[in-house]
Structure formats: structure tokens, C-alpha cells
Amino acid sequence: MPAMKDHTRISDLPVLIGQSVTIRGWVTTTRSSGKIAFAVLRDGTGYLQVVVSRAEVGDDAWERFRALTQETSVSVTGVVRADARSPGGVELGAMEIAVLGPSVDFPITPKEHGTTFLFEHRHLWLRSRRQVAIMRVRHEVVQAIRDFFHERGFFLVDTPILTAAIGETAGSLFETDYFDLGKAYLAQTGQLYLEAAAAALGKVYCFGPTFRAEKSKTRRHLAEFWMVEPEVAWYDSEDNMRLQEDFVSYIVARCLERRREDLKELERDTAPLERVAPPFHRISYTDALKKVEGLGASVPWGKDLGGDEETLLANSFDRPVLVFNYPREAKAFYMKENPADPKTVLNNDCLAPEGYGEIIGGSQREDDHDRLLARIRAEGLPEEAYGWYLDLRKYGTFVHSGFGLGVERTVAWICGIPHIREAIAFPRQMHRLRP
Ligand code: 4AD
Ligand code: MG
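Presented here is a report on the structure given in the accompanying data block.

Thresholds applied
- Residues numbered from 1 in each chain as written.
- Chains lettered and ligands numbered in written order.
- Predicted model: local features only at pLDDT ≥ 70, side-chain atom pairs only at ≥ 80, totals over all residues.
- Heavy atoms only, no water.
- Patch = residues over 30% accessible without salt bridge, like charges linked within 9 Å, V, L, I, M, F, W, Y side chains within 5 Å.
- Areas by Shrake-Rupley, 256 points an atom, 1.4 Å probe, with all protein chains shown as cover.
- Salt bridge = Lys/Arg side-chain N within 4 Å of Asp/Glu carboxyl O.
- Helix = DSSP H or I, 4+ residues; strand = E, 2+ residues; numbered from the N terminus.
- Near = heavy atom within 4 Å.
- Polar contact = N/O pair within 3.5 Å; in protein donor to acceptor, adjacent residues only side chain to side chain.
- Disulfide = S-S within 2.5 Å.
- Buried < 20%, exposed > 50% of the residue type's maximum accessible area, 1.4 Å probe, protein only.
- Phe/Tyr/Trp six-rings, centres within 6.5 Å; stacked < 30°, edge-to-face > 60°.
- Pairing = 2+ DSSP bridges.
- Axes fitted to C-alpha atoms, helices over the stretch in contact; angles between N-to-C directions.
- Core = buried A, V, L, I, M, F, W, Y, C linked by side-chain atoms within 4.5 Å.
- Contact = heavy atoms within 4.5 Å.

**Considerations on a nonpolar patch on the surface**
Part 1 of the argument: Taken together, the side chains of Leu-162, Tyr-178, Phe-179 and Leu-181 make up a nonpolar region of the molecular surface, amounting to roughly 480 Å² of accessible area.
Part 2 of the argument: Tracing the backbone shows Leu-181 in the loop between strand S8 (175–177) and strand S9 (183–186).

Shown next, in the form of C-alpha cells:
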């Protein structure tokens, strides 16, 4: 294969009208008549219509062009022309073409395919227009997350993925053998480590893959997902909720600003996204139960809201909603008891509108050593694994709060896609480990 030095990216073409360029990419669609042929090329930066006129190129080039098949990789040289109907406002009048990598019988054709087939071919399906658009939105979400925290003086702290039985809940841990030390578990959260780092650096966040061995088959659960978790010293639950409003609004605004073309490709109605701005709606868990009861569902006080109840509740609001003060028994051991109502904790979930459910879980942390120890014992957690975590309450304890936002749920919501498995390049689910 020839060296790949001098070529132009499709996204750079609008300023090169009238110039001769070489493009390298993949053929998405083709059509031709006796005199003129068209192909649409993709190179990751955009799509380009290439036009060949039989009268303008030699017979060889014409035949090569006419024989192009879906996903052949090619190099095309030609002149950039203005074309108001094309994306980016340009097309390429081709003069020369070279096939770099043939593609015979590409398995994913423009016809409809079943979900199972598509996920078995995920490595190839990723090239399709919708999947490219989703991946580009995901990139923006991730970049917005990093920018948001960087601009506000947070420090990134990378927390371990291999941990000793410590996290959210027992029972959904992936385990592996760890040298002579017995079992290690894949991280369900970086939070506990981040609390230690918050005492060192003040405002911190971690951002990485997170693992849950729950046997859930819902459209909101993956076995491996990406979570970003900020933790802030001296923030109480109120401050924590305000940070979430600013954060979620920032991410959505960035996608609207920079990924409008991709959202259009996904046929996303952006009106509900335009409304995402602080303040979000707020409702206590107890009032939320009354509200969903009024809508026909029934949840006994003390149980967490399920996906259906979250959808019911969120559908009655036009923006994200923060549900606060859940019952202690429904949530994790580390959440601080609500002094005004000790059956509840100082926590909140953030529910996205349009049926996307919980995108954030957060809380003020229990900062009292003895209360925390009592909770660890009451939950039957292995006390010895939490010794270092209790130390944070022994040496200069401090008010602190934080939250975790799931990237795939956020991307699915912003893209308006029904299932989070398309919001990550290679999803890991109970029944899916390949490709
Ligand atoms: O509510 P969760 O379990 O909270 C925590 O892990 C806390 N330690 C966060 C913190 O306070 N630092 O998870 C947080 C978010 C959820 O709101 C959801 O968006 C996402 O992580 N999430 C999942 N996403 C995909 N698949 C799963 N199985 C998920 N479980 C949680
Ligand atoms: Mg949660």
C-alpha cells in the first residue's frame, strides 16, 4: 500500500473550492447512469459526494469507479466544487481513483437487520451513519465533562479498578484471583478513594470504567460502563445539587453547540434539550411517591424507585428533576443521615426527562466515625476492608459530598436513542462479550 501522507480530510474541503485534492476514505453508497456516476465517501470527519463524468476520465478510471462496492477503501483525486445541496456545501469532481482495500459482500447493507445480527457485527456496524453520529456525541460529552471540571479547578484523580471488596453494594461484584492475596474485585465506584483524595486536594473527580455484575437486562444497564464522579470538600447536599444542575446543563449545551449535525442525523428533537438549564425541578422522595401514586403506580415507602416509576415521575416535568432524601434502607451505607428526619439520608438522584431515568446518584457523606461504623456493621460489610475509609473520619473529618454520572445513560438521552447499548462502542452485557 502506498504511503498515506498527502491527503485532505473531508471536513477541510469547504475552504478549498476550486483546488485539486486527494481524499482517502470508505465508500458508503454508489449509483450511476451511463454517463455519470456518484459515490459517497466517509473518512470520519464527514461525508463527501464524489461525481465522475465518463466524458472527463479515461475508460479505466470510469470502470474502476463503476465497480466500487460498499466499504471499499479508496483514494480519489479531483477538484473541489461548490454544491449547495451537499453536506458542507461541496462535492468532488473525480479525475482519478485507486482502490486501496476491496470490500466484497459487506455484511451490513442498507436494508433492515435484526439487533442480534447488528451487535454480532458491531465492529463493522460502527461505520454506519447513526453509529458514527452517536460516537461523535459521546466524544463531545466526555470532552465537556473534562472541560467542566478543569475550568472549575477540580483535580483528576485516577482511582483503582482492582479493589478489595469495597464499593456500592455486595452481590454485584466481578471477582478475579489476585496473587497470594485472595480475591480482587472490579471497581463499582471510585468514590471511596476519591473521598480520601478530596481531603488532600479539595475538589477532585475520577472518570473511568465501572463494573456491575447485576443480572439486569434492562435498556439502562451495562455490565461495564463509564462513570464520572466528582467529590468536593466542604460541600453539603445543597451545594452538591447545584453542582449537578450546572454540570448537566453544561454538557447538554456543549452538544447543542458543537454536535448539531450529528443530532440531526439521529433525528433528535432538540427542543427538550434546549430547556435544560438550572434550576432543575426538585422533589423529595416522599412527595415523589405521592406523585407516582397519583399516576397509578404504587411503591411502598422505603423502596427505591424502579425504572417505570422514574419514567412516570420524570414525564411530569419538562426538565431534569432532582429527587432528594431517599429512605436510608434504599441507599448505600455511606450516605449521611438526614438530621431533620433520620429515616432518610442527605442524597439525591437526578432523573433525565423523556423516560431516560436516573443519570446521577449523589449524596453528602457520613462524616461521623461512629455512625459510619454502625452503618457498616448494620449492613454486614467486611469491617476490615473499610478500616482506611474510617480513618478519613478519624483524622480531620470534614463535610463533603459528591455524585456519579453515567456516561452511557447521558449519551443515550442526549442522542434520543432507546437503549444504552448503542451509546458505547463495544457494549458489555450479561449475554454479550464479543466482539
Ligand atoms: O447511583 P450509582 O450506583 O452511584 C454510585 O456509584 C456513587 N458511588 C456515585 C457517587 O456518589 N460518587 O451510580 C451512578 C450512576 C447512575 O446514576 C447511572 O447513571 C450510572 O451511574 N449507572 C449505570 N450505567 C449503566 N449501567 C449500569 N449498570 C449502571 N449503574 C449505574
Ligand atoms: Mg443510583
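Once you've had a look at it, read on.
**Examining the site of ligand 1**
Part 1 of the argument: Residues in contact with ligand 1 amount to 23 residues; listed here are only the nearest, Glu-168, Gln-191, Glu-229, Glu-358 and Ile-359.
Part 2 of the argument: Residue Glu-229 places a side-chain N or O atom 2.7 Å away from a nitrogen atom belonging to ligand 1.
Part 3 of the argument: Taking Arg-365, its side chain carries an N or O atom lying 3.0 Å from an oxygen atom of ligand 1.
Part 4 of the argument: Out of a free accessible area of 630 Å², ligand 1 has 94% covered by protein chains.
Part 5 of the argument: Breaking the shell around ligand 1 down by element, the ones donating at least two residues are strand S11 (224–233), strand S15 (357–364) and strand S16 (400–406).

**A closer look at the state of the cysteines**
Part 1 of the argument: According to the stated counting rule, one finds zero disulfides in the structure shown.
Part 2 of the argument: In this model Cys-206 remains outside any disulfide bridge; the closest cysteine sulfur is found in Cys-350, 18 Å from its own.
Part 3 of the argument: Given the relative accessible area of 4%, Cys-206 is considered buried.
Part 4 of the argument: The closest cysteine sulfur to the non-disulfide-bonded Cys-255 is located on Cys-415, 7.6 Å from its own sulfur.

**What to know about the packing of aromatic side chains**
Part 1 of the argument: Under the counting rule described, the total for this entry stands at 19 aromatic pairs.
Part 2 of the argument: Consider the rings of Phe-333 and Tyr-386, whose centres lie 5.3 Å apart with planes at 80°: the pair is edge-to-face. In this pair, Phe-333 sits in the loop between strand S13 (321–324) and strand S14 (347–352) while Tyr-386 sits in the loop between helix H11 (369–378) and helix H12 (387–394), placing the two residues 53 residues apart along the sequence.
Part 3 of the argument: With a relative accessible area of 1%, Phe-333 lands in the buried category.

**So, the sheet that holds strand S1 (residues 20–32)**
Part 1 of the argument: One closed barrel accounts for five strands, arranged S1-S2-S3-S5-S4; its pairing is mixed. Each strand axis lies, on average, 55° off the axis of its neighbour in the sheet, ignoring direction.
Part 2 of the argument: Direction of pairing for strand S3 (residues 47–53) relative to strand S5 (residues 90–101): parallel, over a ladder of three bridges. Bridging across to S5, Gln-49 finds its partner in Glu-91.

**A closer look at the nonpolar core**
Part 1 of the argument: Core analysis: the largest hydrophobic core is formed by 48 residues, its most contacted members being Ile-145, Phe-247, Val-248, Trp-413 and Ile-414.
Part 2 of the argument: Elements with a minimum of two residues in this core: helix H4 (129–151), strand S10 (203–211), S11, helix H6 (237–258), S14, S15, S16 and helix H13 (407–415).
Part 3 of the argument: Take this core: its biggest share by element is nine residues, from H6.
Part 4 of the argument: Grouped together as the second largest cluster of nonpolar side chains are 24 residues, Leu-13, Leu-48, Val-90 and Ile-97 included.

**Some points on the sheet that holds S16**
Part 1 of the argument: In spatial order, the strands read S6-S10-S11-S16-S15-S14-S13-S12; together these eight strands make up an open sheet with mixed pairing. Bordering the open sheet on either side are strand S6 (155–156) and strand S12 (281–284), each of which pairs with just one other strand.
Part 2 of the argument: Where S10 and S11 come together, nine bridges link them in antiparallel fashion. What sits directly across from Cys-206, in S11, is Glu-229.
Part 3 of the argument: Along the sheet face, H4 touches S6, S10, S11 and S16 and points at about 150° away from the line of S10.
Part 4 of the argument: Lying on the sheet, helix H10 (residues 307–315) is in contact with S13, S14 and S15; it crosses S14 at an angle near 75°.

**Quick notes on the pattern of salt bridges**
Part 1 of the argument: One pass over the full model with this rule turns up 37 salt bridges.
Part 2 of the argument: Residue Glu-175 pairs with Lys-183 through a salt bridge whose shortest N-O separation is 3.7 Å.
Part 3 of the argument: With relative accessibility at 39%, the residue Lys-183 sits in the partly exposed group.
Part 4 of the argument: One salt bridge in this structure joins Arg-371 and Glu-337, with 4.0 Å as the shortest N-O distance. Pair noted here: Arg-371 is in helix H11 and Glu-337 is in the loop between S13 and S14, with a separation of 34 residues, a long-range link.

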